[in-house]
Structure formats: structure tokens, C-alpha cells
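Survey of secondary and tertiary structure
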Amino acid sequence: MHFTIPKLHVVTPPGVDERELATTEALLRAGAPLVQVRTKAIDDRARLRTASVVLSAARAVGATCLVNDRVDIALAAGADGVHVGADDLPAVVARRLLGRDAIVGATCRDADDARRAQAEGASYLGVGPVFATSTKTGLPDPMGPRGVEAVAAAVDVPVIAISGITADNAAAVLEAGAWGVAVVGAVYGAVDPVASLRQLMELIGCA
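Here the structure is a predicted model, which means the values were calculated and not measured.

The rules we used
- Residues numbered from 1 in each chain as written.
- Predicted model: local features only at pLDDT ≥ 70, side-chain atom pairs only at ≥ 80, totals over all residues.
- Heavy atoms only, no water.
- Helix = DSSP H or I, 4+ residues; strand = E, 2+ residues; numbered from the N terminus.
- Expected span 1.5 Å × (residues − 1).
- Buried < 20%, exposed > 50% of the residue type's maximum accessible area, 1.4 Å probe, protein only.
- Arc of directions from axis to C-beta.
- Contact = heavy atoms within 4.5 Å.
- Polar contact = N/O pair within 3.5 Å; in protein donor to acceptor, adjacent residues only side chain to side chain.
- Core = buried A, V, L, I, M, F, W, Y, C linked by side-chain atoms within 4.5 Å.
- Pairing = 2+ DSSP bridges.
- Right-handed = clockwise from strand over helix to strand, strands pointing away.
- Axes fitted to C-alpha atoms, helices over the stretch in contact; angles between N-to-C directions.
- Parallel < 35°, antiparallel > 145°, perpendicular 65-115°, else oblique.
- Left-handed = near helix turned anticlockwise from the far one by under 90°.
- Nonpolar A, V, L, I, M, F, W, Y, C, P; charged D, E, K, R; others polar.

1. Looking at helix H1 (residues 18–29)
Between its first and last C-alpha atoms H1 spans 17 Å; for twelve residues at 1.5 Å apiece the expected length is 16 Å, and the two agree. Along H1, the residues classified as buried are Glu20, Leu21, Thr23, Thr24, Leu27 and Leu28. Take H1 and look down its axis: the buried residues cluster within an arc of 160 degrees, on one side only. Projecting away from the buried face of H1 at angles above 90 degrees are the exposed residues Glu18, Arg19 and Arg29. Among the structural elements, strand S1 (8–11), strand S2 (34–37), helix H2 (44–61), helix H8 (185–188) and helix H9 (193–204) are those in contact with the buried residues of H1. Its side-chain oxygen 3.2 Å from the backbone nitrogen of Arg19, Asp17 forms the N-cap of H1. Taken from the residues just after H1, Gly31 is the one with a positive phi, measuring 115 degrees.

Okay, structure coming up:
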């Protein structure tokens, strides 16, 4: 199972404007193994267009493309899977709709949630918030590497640490038992997103 889930997940900013879309395509060309398309304040047609553009760019380089939250958009675009949060469709429903071969990620914040998501058929668990972040509001207090360690010890599926992950702290969450990391600001907020991506890839062993 671990070898089917990339160690580095690039999550797009929620707006995904033209500049960020171009950055996403550049990150894929530079070797990003997985991109999760996160679209919030746009209509469904725009969501589908964005997912389709990113999926096409991912297909061109053999990368994986997931859609955040929206199982219907993932199905419509033909994406490789979906990542569902606590307020989205349950992992078991996403699995039923997308089929056995799709990747289904589920957000978890403690061991009980993690065991439940694994039992529902989640392919991997997005665990966080690990550190403070400015890319998403309304999150609970950060759990830190020790929180990641507690979740990772409770399940057999890969744990992907998310929220506030940078090149400076990624090693700490990997040492705590995370299989990999998901990043937003560490690449999209960087002066040179591609250079930051490559640094992270080398750091976590997927360069």
C-alpha cells in the first residue's frame, strides 16, 4: 500500500487562479508526484475545468491527480481519486462511488478517526493540522509531530501530514511515523516554487 501513495502531495491554493494554475503545471513538469486540486470559491463548471486542466498536465508526466472534497467533480473529470474532509461524504461512500481502484484520502485528527477511516476503505489519511498555517482558516489547534505519531501508530495505511509543513519541519513528521507530507504554502508561497518543490522532494526521498 505504501508504494502506491506518493510521499509528497502538492495541494493547490483554494482559488487556483491562472497564475497558480501555471505554477501547478510547472510543479508537475518538475516532478511533483501528486497534485490535489482544491477549489472553493468558484462554480462547479470552473471546478471541473480546473480539475481537467490539472489532470491533463498530470497525465502528461505520469503523476497522480486527486480532487479535494468533491467526489462528483473527481468522477466527472476522471481523476485518480478524491480527498474527503470531516464535513464531506464519508470515505466509505466515496469508495463506493469511485470504485475499488480509486485513491480515497480522508482527513483525520486522532486515532479513533483514523481507525474508522481505514475501516471505511481510505487509501491514506491526511493528518493535521500539524503546525499553524495561513492557507486555511477555522482549523483546530496544531497537533504537532506527537499527534502524528499517535495516529500513525493506530493504522496500517499511509499517513500524510498536512498544515504548515516546510523543508524545516518535514523531517520531524517523517520521524514521527508519517509516510509523507502535503504542502501548499511551502511551494505556492515560495519565491521559486519549483526550487522549493525539488528541495522537499530530495528531503523526503522522492527526488
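Next comes the rest of the write-up.
2. Observations regarding the nonpolar core
Core analysis: the biggest nonpolar cluster contains 70 residues, and Val10, Leu125, Val148 and Leu197 have the highest contact counts within it. Not counting residues up to four positions away in its chain, the partners in contact with Val148 are Val127, Val130, Met143, Val159, Ala161, Val173, Ala176 and Ala178.

3. Some points on the pairing of strand S6 (residues 124–127)
Along any regular strand, the residues point their side chains to alternate faces of the sheet. Of the two faces of S6, the one carrying Tyr124 and Gly126 and the one carrying Leu125 and Val127 are both buried. Examined bridge by bridge, strand S5 (residues 103–108) and S6 share four bridges and lie parallel to one another. Along S6, the bridge assignment pairs Thr107 with Gly126. Crossover connection from S5 via helix H5 (residues 111–119) to parallel S6: handedness right-handed.

4. A few points about the sheet that holds S5
Pairing within the closed barrel is parallel, and its eight strands lie in the order S1-S2-S3-S4-S5-S6-S7-S8. For this sheet, the mean inter-axis angle between neighbouring strands, taken without regard to orientation, is 25 degrees. Here S2 runs beside strand S3 (residues 64–68); their pairing, made up of four bridges, is parallel. Opposite Leu34, over in S3, you have Thr64 as the bridge partner. Each of S1 and strand S8 (180–183) is contacted by H9, which is oriented at about 155 degrees to S1, the strand it contacts most.

5. Describing the side chain of Gln36
For Gln36, the location among the structural elements is in strand S2. Not counting the four nearest positions on each side in its chain, Gln36 is found in contact with Val10, Val11, Thr12, Leu66, Val67, Asn68, His83 and Tyr124.

6. Quick notes on the packing of H1 against H9
Put simply, H1 and H9 touch, their axes get as near as 9 Å, and they point 40 degrees apart. For the element pair H1 / H9, the angle class is oblique. Note that H1 runs across H9; the crossing there is right-handed. Across from Thr23, Ala26 and Leu27 in H1, the residues of H9 making contact are Pro193, Val194 and Leu197. Residues of the contact of H1 with H9, tallied by class, amount to five nonpolar, one polar and no charged.

By themselves these figures say nothing about function.
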